[in-house]
Amino acid sequence: MNNSNSPTLKRSLPLKYVVFFGLAFMAPTTLFSTYGVAVHSTNGMITTAYIVAFIVMLFTAYSYAQMVKAFPNAGAAYTFTQKSLSPHIGFLVGWTIILDYMFSPMISALLLGIAMKAYFPLIPMYVWIILFIVTVTIINILGIKVAAKLNMGLLFLQFGTLALFIIFSIKGLLNGQGAGTLFSILPFIDSNINMPGFLSIIPILCFSFLGFDAVTTLSEETKNPRKSIPRAIYLVTIIGGLYYFIGSYFLQLVWPDYQSFKAPEAAYMEIAMYIGGNFLISYMLAEGIMSSFSSAIASGTSASRILFAMGRERVLPAKILGYLSPKYRTPVFNILIIGGVALSALFLSLTTAVSLINFGALFAFTFVNISVIAHYYFRKKQRSLMGTIRYLIIPLIGASLTGFFWIKLDIYSLILGGTWFAIGFVYLLNLTKMFRQPPPELAIEQA
């Protein structure tokens, strides 16, 4: 349990910075880079797919908001399940959710390296990747306020991208480009929908909403976390959802024939050239680089806090993972470790990393929904009519949805994620002497 000598993070963040942090982690402009592949899988019903993903995530966001009121701690999903279900389940959830945050900076580094290599073909890609990771690592070491303020500026650029794209789209549509109209059901309905293909893309789109989960890792650094963090969770989910709905709607309208892209992975570039020429392409590429920075800073911050929470209570090695810099009040060693993992961008494929992240996210989401039922409905006996709706029915729907899409992951994701889970399970067996004793528990700071 924590004592007075245990390291604690500093409460310094107001609500707006927490919201900006979550949106930065979400990196909403990934809508554009993933559009070509996603729209093909949904048979053109890309906006409907985002709406489905939003509904799935809204149920889980609700559960996160309820749990952070009970446990405003940096451990997030790890803490929620540990305290509500069991320390053993909590450890395994924490172990799998680490995948999300540890590999997210690597994905950002890889995407940036690919973009910069295209711009400067004579400079090796590894140079850009290393420079990127070093820069992000230094920013995160300097402190949460530095990272939050930088992310706020970069985030405004991402919303500027959407605004600029909408302006060019409206101009093009009014001039007869694309569908030639501002209002259409084209992005919502397709009579030839392939339902298995449509459902298979939902887990990937759910990953686009991960920012609401990330804000819970800032609970110990947020002012009045029991009030601010739930608000931030809802705001991040709703604002991100609106970004995806509006952006995907106009992407579909200005290029209705989604099967005609020369390269689906770069479909947004063809669309940008079509409606805005070189100016819009250059702006979107430059902004994409900036969004890589904001996402990597946010995900690196979250990963370091989860490792800190587990290290502080000796679930993982405390001397390294539970250490805070006296000067910057940041978990320096954790940030350096995450930077080291991000260097796997030099040899690991994007497909592998995304597979690992999807497994960890949906696994954790399912158990956070179940945690609401265990904590409020059973332990706190909130069983009135409203209590049954809020603490049994809503989280049960959330758990069913995330569990369904978790088992719908492709076999590659299940094998890689299952392997990581098995490693954690073996470590847990050793830590608990074959379950003869509980793992160290994460103490909860009483705000």
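Residues numbered from 1 in each chain as written. Predicted model: local features only at pLDDT ≥ 70, side-chain atom pairs only at ≥ 80, totals over all residues. Heavy atoms only, no water.

## Side note on the nonpolar core
Ranked by internal contacts, the top residues of the largest apolar core, which has 132 residues, are F32, F165, F209, F212 and I233. Ranked by residue count, the leading element in this core is helix α11 (residues 267–312), at 19 residues. Dropping the residues within four chain positions of it, F165 is found in contact with F32, G247, F250, L251, V254, I271, I275 and L280. (Core = buried A, V, L, I, M, F, W, Y, C linked by side-chain atoms within 4.5 Å. Buried < 20%, exposed > 50% of the residue type's maximum accessible area, 1.4 Å probe, protein only. Helix = DSSP H or I, 4+ residues; strand = E, 2+ residues; numbered from the N terminus. Contact = heavy atoms within 4.5 Å.)

## Some words on helix α10 (residues 225–254)
The α-helix winds at 3.6 residues per turn, so residues separated by three or four positions along the chain end up facing the same way. End to end, α10 covers 43 Å across 30 residues, agreeing with the expected 44 Å (1.5 Å per residue, within 8%). Within α10, 21 of the 30 residues are buried, which leaves the element mostly enclosed by the surrounding structure. (Expected span 1.5 Å × (residues − 1).)

## A short note on the environment of K16
With respect to the helices, strands and loops of the structure, K16 is situated in helix α1 (residues 15–26). Taking the relative accessible area as the measure of exposure, K16 reaches 48% and is therefore partly exposed. As for K16 and W406, which are separated by 390 residues in sequence, their C-alpha atoms are 32 Å apart.

## Points about the packing of aromatic side chains
Taken as a whole, this structure holds 32 aromatic pairs when the rule is applied. Plain terms: the ring middles of Y35 and F261 are 6.4 Å apart, the flat faces sit at 80° to each other, and that makes the pair edge-to-face. A residue pair is termed long-range when its members are at least 10 positions apart, and Y35 in helix α2 (residues 30–41) and F261 in the loop between α10 and α11 qualify at 226 residues. You can call F261 buried: its relative accessible area is 8%. Above the face of the Y17 ring, K16 is positioned so that its terminal group lies 5.4 Å from the ring centre. The ring of Y377 carries the charged tip of R383 above its face, separated from the ring centre by 5.4 Å. (Phe/Tyr/Trp six-rings, centres within 6.5 Å; stacked < 30°, edge-to-face > 60°. Lys NZ or Arg CZ within 6 Å of the ring centre and 35° of its normal.)

## Concerning the packing of helix α6 (residues 125–142) against α11
Angle between the axes and distance between the axes: these two values describe a pair of packed helices. Contact geometry for α6 and α11: axes closest at 10 Å, N-to-C directions at 50°. Classified by the interaxial angle, the pair formed by α6 and α11 is oblique. For the pair α6 and α11, the sense of crossing is right-handed. Residues F132, T135, V136, I139 and N140 of α6 form the contact with α11, whose own contacting residues are S292, F293, A296, I297, G300 and T301. Broken down by class, the residue content of the contact of α6 with α11 amounts to 6 nonpolar, 5 polar and no charged. (Axes fitted to C-alpha atoms, helices over the stretch in contact; angles between N-to-C directions. Parallel < 35°, antiparallel > 145°, perpendicular 65-115°, else oblique. Left-handed = near helix turned anticlockwise from the far one by under 90°. Nonpolar A, V, L, I, M, F, W, Y, C, P; charged D, E, K, R; others polar.)

## Details of the packing of α2 against α10
Viewed as axis vectors pointing N to C, α2 and α10 meet at an angle of 55°, and their least axial separation amounts to 11 Å. Viewed along their axes, α2 and α10 adopt a mutual orientation that is oblique. Crossing geometry of α2 relative to α10 is assigned as right-handed. Between α2 and α10, the residues in contact are T30, L31, F32, Y35 and V39 and Y243, Y244, G247, S248, L251 and Q252, respectively. By residue class, the composition of the contact of α2 with α10 is 7 nonpolar, 4 polar and no charged.

## Topic: the confidence of the model for the protein chain
Model confidence for the protein chain is summarised by a mean pLDDT of 83, while 91% of its residues fall at 70 or above. Across residues 442–447, where pLDDT falls below 50, the model places 23 contacts with residues more than four positions away in sequence or in other chains. (pLDDT = per-residue confidence, 0-100.)

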